[in-house]
Amino acid sequence: MSPAASPAAPDDFRAAAHSAADLVSDYLAGLSERPVWQPMDPSDRQALLDAPLPEDGVPLAGLLDFIGEQVMPAPMGNGNPRFFGWVNSAPAPAGVLATLAASAMNPSSAGGDHADVHLERAVVRWIAELVGFPHPAGGGLLTSGTSMATIVCLAAARGRAARRAGWDVREDGLAGMPPLVAYATGETHSCVRKAAELLGLGSRHLRTVATGPDGLLDIDALRAAVARDRADGLLPFLVVASAGTVGTGAVDAFGPIADLCAEQELWMHVDGAYGAFGVLDPAVAHRYAGLERADSLALDPHKWLGVPVDCGCALVRDTDELRGTFSLVPSYLRDEAAGSLGWFSEYGMEQTRPFRSLKVWATIAHRGRQGIADDISRCTALARRLGELVEAAPELELLAPVQTSIVAFRYRAPGLDEEAVNTVNRELPVAVQLRGRVFVTGALLEGREMLRACLLNAATTEADLALLVSEVVAAGAGLTGRPAAN
């Protein structure tokens with residue numbers, strides 16, 4: 001073995017760790033001075049794609065040189081306060097630091113008597129407390145993200161529904177059973193459809209429920225759909241409500257949905273991936289009334305809280321239902337000292353589980369409940385301000401009320417017909433991104449191409465919002481061949 005490939009001596013690691021801290025600190029400090037995003041130089045991109053497998057090891061200092069020169073100069077851009085794309089937050093500095101310590105310990109957080117297991121139980125309880133969701137001991141766990149948390153929650157819902165219908169889905173599967181039917185709106189995140197397909201429900205049995213003019217799930221349409229499916233011999237079992245849709249940030253009316261679910265014996269799941277933490281803002285908290293009545297809630301600390309990716313969370317009201325869905329303890333994993341809750345691996349799909357809880361703990365503990373609430377309140381206030389700026393710009397059109405911290409709008413300069421408006425707005429996100437000063441993404445809303453700006457970074461300023469508006473107007477003018485208004 002060559003010297004370079006040998007395990008690093010303690011002093012070598014210490015020196016490299018100090019250099020890494022400087023590298024990361026300089027990167028974070030310089031975010032706002034650099035372009036938000038820019039395409040990689042083709043040669044740099046190809047160099048990464050064609051990177052050869054090293055025959056001999058690379059010293060730690062050489063690894064840091066490569067990271068600093070070839071990786072960190074080409075970021076996604078989401079650390080910048082002028083990044084408004086998708087739902088990707090800047091990393092919380094406390095979480096960045098905690099990630100290093102968690103990596104050094106490198107446990108499997110499946111179970112056992114070590115710090116990460118107990119800390120995960122604490123931070124899952126903290127998350128439930130932040131959003132006001134009931135939390136029995138064992139009623140949740142951290143996951144890779146809301147996509148996996150949704151699978152966990154919907155699997156528990158499927159198990160309960162099958163058992164009530166006289167089936168043991170773990171033993172017998174779904175073959176021969178009347179189809180289970182779920183209900184969601186067209187604005188529900190695609191992870192719900194993926195979960196339905198993966199769990200054997202089939203996307204054909206995921207009903208799209210109409211929304212009202214406010215973009216919220218129409219309770220009368222839901223009731224009618226459930227009645228039709230029962231009359232057809234199907235088994236309605238699940239309603240998915242949104243605590244902040246990805247398109248507009250709309251929050252469904254949870255109270256009426258919970259009433260219907262209780263009446264019809266349906267599992268109520270809330271997709272709170274991005275928006276559930278909005279309940280901490282007193283200005284919008286009223287929108288979340290009834291969230292606590294859900295059977296399950298999936299959400300992402302790695303979104304609005306800024307916990308470094310990856311980290312989602314599944315919260316389930318009935319601990320026994322969750323454990324009964326996943327628990328499988330082979331002889332080689334028996335732990336007589338595990339206590340009544342057993343191992344985390346009995347509550348989800350993962351057996352070897354990373355130490356996610358430390359970065360969650362650090363992020364929440366560093367800001368505290370009030371600090372987190374202040375950050376979220378600032379983001380929602382900025383979103384409302386952006387909505388005002390959009391409405392004041394003659395070339396722009398606000399497409400939905402600003403409910404949380406997503407603003408849905410489009411470029412619509414006078415004289416453009418609907419087809420031209422859609423064409424321009426389809427091309428507009430990339431045109432804005434390539435300018436490098438702000439980053440925004442697009443989507444479809446009721447068949448209309450639009451821009452959607454998501455505000456998750458409390459460091460964003462009103463000047464950044466004004467720049468976003470001016471960049472969209474300028475890029476739109478460039479695409480339509482007209483001068484931008486002053």
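Our structure's up above, just so we're on the same page.
Report follows, based on the coordinates. (Residues numbered from 1 in each chain as written. Predicted model: local features only at pLDDT ≥ 70, side-chain atom pairs only at ≥ 80, totals over all residues. Heavy atoms only, no water.)

**Looking at the sheet that holds strand β3 (residues 206–209)**
Strands belonging to one sheet form pairs held by backbone hydrogen bonds; the direction of such a pair is parallel or antiparallel.
Line of reasoning, step 1. One open sheet holds the 7 strands; their spatial order is β1-β7-β6-β5-β4-β2-β3, and the pairing between them is mixed. The open sheet is flanked by β1 (140–143) and β3, the only strands paired with a single partner. Neighbour-to-neighbour, the strand axes of the sheet open up by a mean angle of 20 degrees, direction not taken into account.
Line of reasoning, step 2. Relative to β3, strand β2 (residues 180–185) is paired through 4 bridges, and the arrangement is parallel. When the bridges of β3 are listed, T185 appears paired with V209.
Line of reasoning, step 3. Where helix α6 (residues 146–164) meets the sheet, its contacts fall on β1, β2, β4 (235–242), β5 (267–271), β6 (296–299) and β7 (312–316), and the angle it forms with β5 comes to roughly 175 degrees. (Pairing = 2+ DSSP bridges. Helix = DSSP H or I, 4+ residues; strand = E, 2+ residues; numbered from the N terminus. Axes fitted to C-alpha atoms, helices over the stretch in contact; angles between N-to-C directions. Contact = heavy atoms within 4.5 Å.)

**Some points on the pairing of strand β9 (residues 406–411)**
Line of reasoning, step 1. Within β9, 6 of the 6 residues are buried, leaving the element largely enclosed by the surrounding structure.
Line of reasoning, step 2. The two faces of β9 match: I406, A408 and R410 on one face and V407, F409 and Y411 on the other face are all buried.
Line of reasoning, step 3. Here 3 bridges tie strand β8 (residues 396–398) to β9, and the two strands are oriented antiparallel to one another. Bridging from a neighbouring strand, E397 pairs with R410 of β9.
Line of reasoning, step 4. As judged from the 4 bridges shared by β9 and strand β11 (residues 448–454), these two strands associate in the antiparallel manner. Its bridge partner being in β11, F409 is matched across the sheet by L451. (Buried < 20%, exposed > 50% of the residue type's maximum accessible area, 1.4 Å probe, protein only.)

**Some details on the sheet that holds β8**
Line of reasoning, step 1. Spatially, 4 strands are ordered β8-β9-β11-β10 in an open sheet, and the strand pairing comes out antiparallel. If you trace the sheet from one side to the other, it starts and ends with β8 and β10 (441–445), each paired once. Going across the sheet, the axis of each strand differs from the next one's by a mean of 45 degrees, ignoring polarity.
Line of reasoning, step 2. Its contacts with the sheet put helix α14 (residues 462–480) on β8, β9 and β11, and the angle it makes with β9 is roughly 30 degrees.

**Here we look at a nonpolar patch on the surface**
Line of reasoning, step 1. A contiguous nonpolar surface patch, about 300 Å² in accessible area, is contributed by L48, F66, I67 and V71.
Line of reasoning, step 2. Tallying contributions element by element places helix α3 (residues 60–71) first for the nonpolar patch, with 3 residues.
Line of reasoning, step 3. With respect to the helices and strands, the residue V71 is situated in helix α3. (Patch = residues over 30% accessible without salt bridge, like charges linked within 9 Å, V, L, I, M, F, W, Y side chains within 5 Å. Areas by Shrake-Rupley, 256 points an atom, 1.4 Å probe, with all protein chains shown as cover. Salt bridge = Lys/Arg side-chain N within 4 Å of Asp/Glu carboxyl O.)

**Regarding unusual backbone geometry**
Across residues other than glycine, the phi torsion is negative in most instances, and most of the peptide bonds are trans.
Line of reasoning, step 1. In the segment running from V309 into D310, the intervening peptide bond is cis, with an omega of 5 degrees.
Line of reasoning, step 2. Note on placement: D310 falls in the loop between β6 and β7.
Line of reasoning, step 3. Positive phi values are uncommon outside glycine, yet N106 reaches one of about 55 degrees.
Line of reasoning, step 4. Looking at the element boundaries, N106 is found in the loop between α4 (93–105) and α5 (115–131).
Line of reasoning, step 5. Of note, the phi angle at E265 is positive, near 55 degrees, even though the residue is not glycine.
Line of reasoning, step 6. The residue E265 is located in the loop between α10 (254–264) and β5 in this model.

**Here's the deal with the nonpolar core**
Line of reasoning, step 1. In terms of nonpolar packing, the biggest core is built from 61 residues, with I127, F254, V270, F277, L297, L299 and L315 touching the most fellow members.
Line of reasoning, step 2. In terms of residue count, helix α12 (residues 357–392) provides more of this core than any other element does, 8 residues in total.
Line of reasoning, step 3. The residues contacting L315, other than those within four sequence positions of it, are V124, I127, A128, F133, H135, G139, G140, C153, D295, S296, L297 and L299.
Line of reasoning, step 4. Counting 35 residues, the second-largest nonpolar core is a separate cluster that includes A162, M177, A298 and F344. (Core = buried A, V, L, I, M, F, W, Y, C linked by side-chain atoms within 4.5 Å.)

**Let's talk about the side chain of T380**
Line of reasoning, step 1. Among the structural elements, T380 can be located in helix α12.
Line of reasoning, step 2. Each residue touching T380, except ones within four places of it in the same chain, is listed here: D281, W304, T404 and S405.

**Describing the packing of aromatic side chains**
Line of reasoning, step 1. Inspection of every chain in the model, using the stated rule, returns 5 aromatic pairs.
Line of reasoning, step 2. Considering the side-chain rings of W86 and F439, the 5.4 Å spacing of their centres and the 50 degrees angle between planes classify their relative orientation as tilted. One end of the pair, W86, is in the loop between α3 and α4; the other, F439, is in the loop between α13 (418–435) and β10, with 353 residues separating them in the sequence.
Line of reasoning, step 3. The class of W86 is partly exposed, set by a relative accessible area of 41%.
Line of reasoning, step 4. Judged by relative accessible area, which is 3%, F439 ranks as buried.
Line of reasoning, step 5. Ring geometry for Y274 against W304: centres 5.2 Å apart, planes inclined by 20 degrees, an arrangement best described as stacked. (Phe/Tyr/Trp six-rings, centres within 6.5 Å; stacked < 30°, edge-to-face > 60°.)

**Re the packing of helix α9 (residues 219–231) against α10**
Line of reasoning, step 1. At a minimum axis distance of 10 Å, the contact between α9 and α10 shows a crossing angle of 20 degrees. When the axes of α9 and α10 are compared, the pair comes out roughly parallel. As α9 packs across α10, the resulting crossing turns out to be right-handed. When α9 is examined against α10, the residues I219, L222, R223, V226 and R230 are found in contact with a partner set consisting of P256, I257, L260, E263 and Q264. (Parallel < 35°, antiparallel > 145°, perpendicular 65-115°, else oblique. Left-handed = near helix turned anticlockwise from the far one by under 90°.)

**Observations regarding helix α8 (residues 190–198)**
Line of reasoning, step 1. Regarding α8, the residues found buried are C191, V192, A195 and A196. Relative to the axis of α8, the buried residues are bounded by an arc of 140 degrees and lie together on one face. Exposed and oriented more than 90 degrees from the buried face of α8 are K194 and L198.
Line of reasoning, step 2. Looking at the packing, one finds that the buried side of α8 touches α6, β3 and β4. (Arc of directions from axis to C-beta.)

**Considerations on α4**
Line of reasoning, step 1. If you check α4, its first and last C-alpha atoms are 19 Å apart, about what 13 residues at 1.5 Å a residue would give, namely 18 Å.
Line of reasoning, step 2. Turning to α4, its buried residues are A94, G95, A98 and A102. Down the axis, α4 shows its buried residues gathered within 85 degrees of arc, on one side only. Seen from the buried face of α4, the exposed residues on the opposite side, beyond 90 degrees, are P93, L97, L100 and A104. (Expected span 1.5 Å × (residues − 1).)

Distances and angles like these do not, on their own, reveal function.
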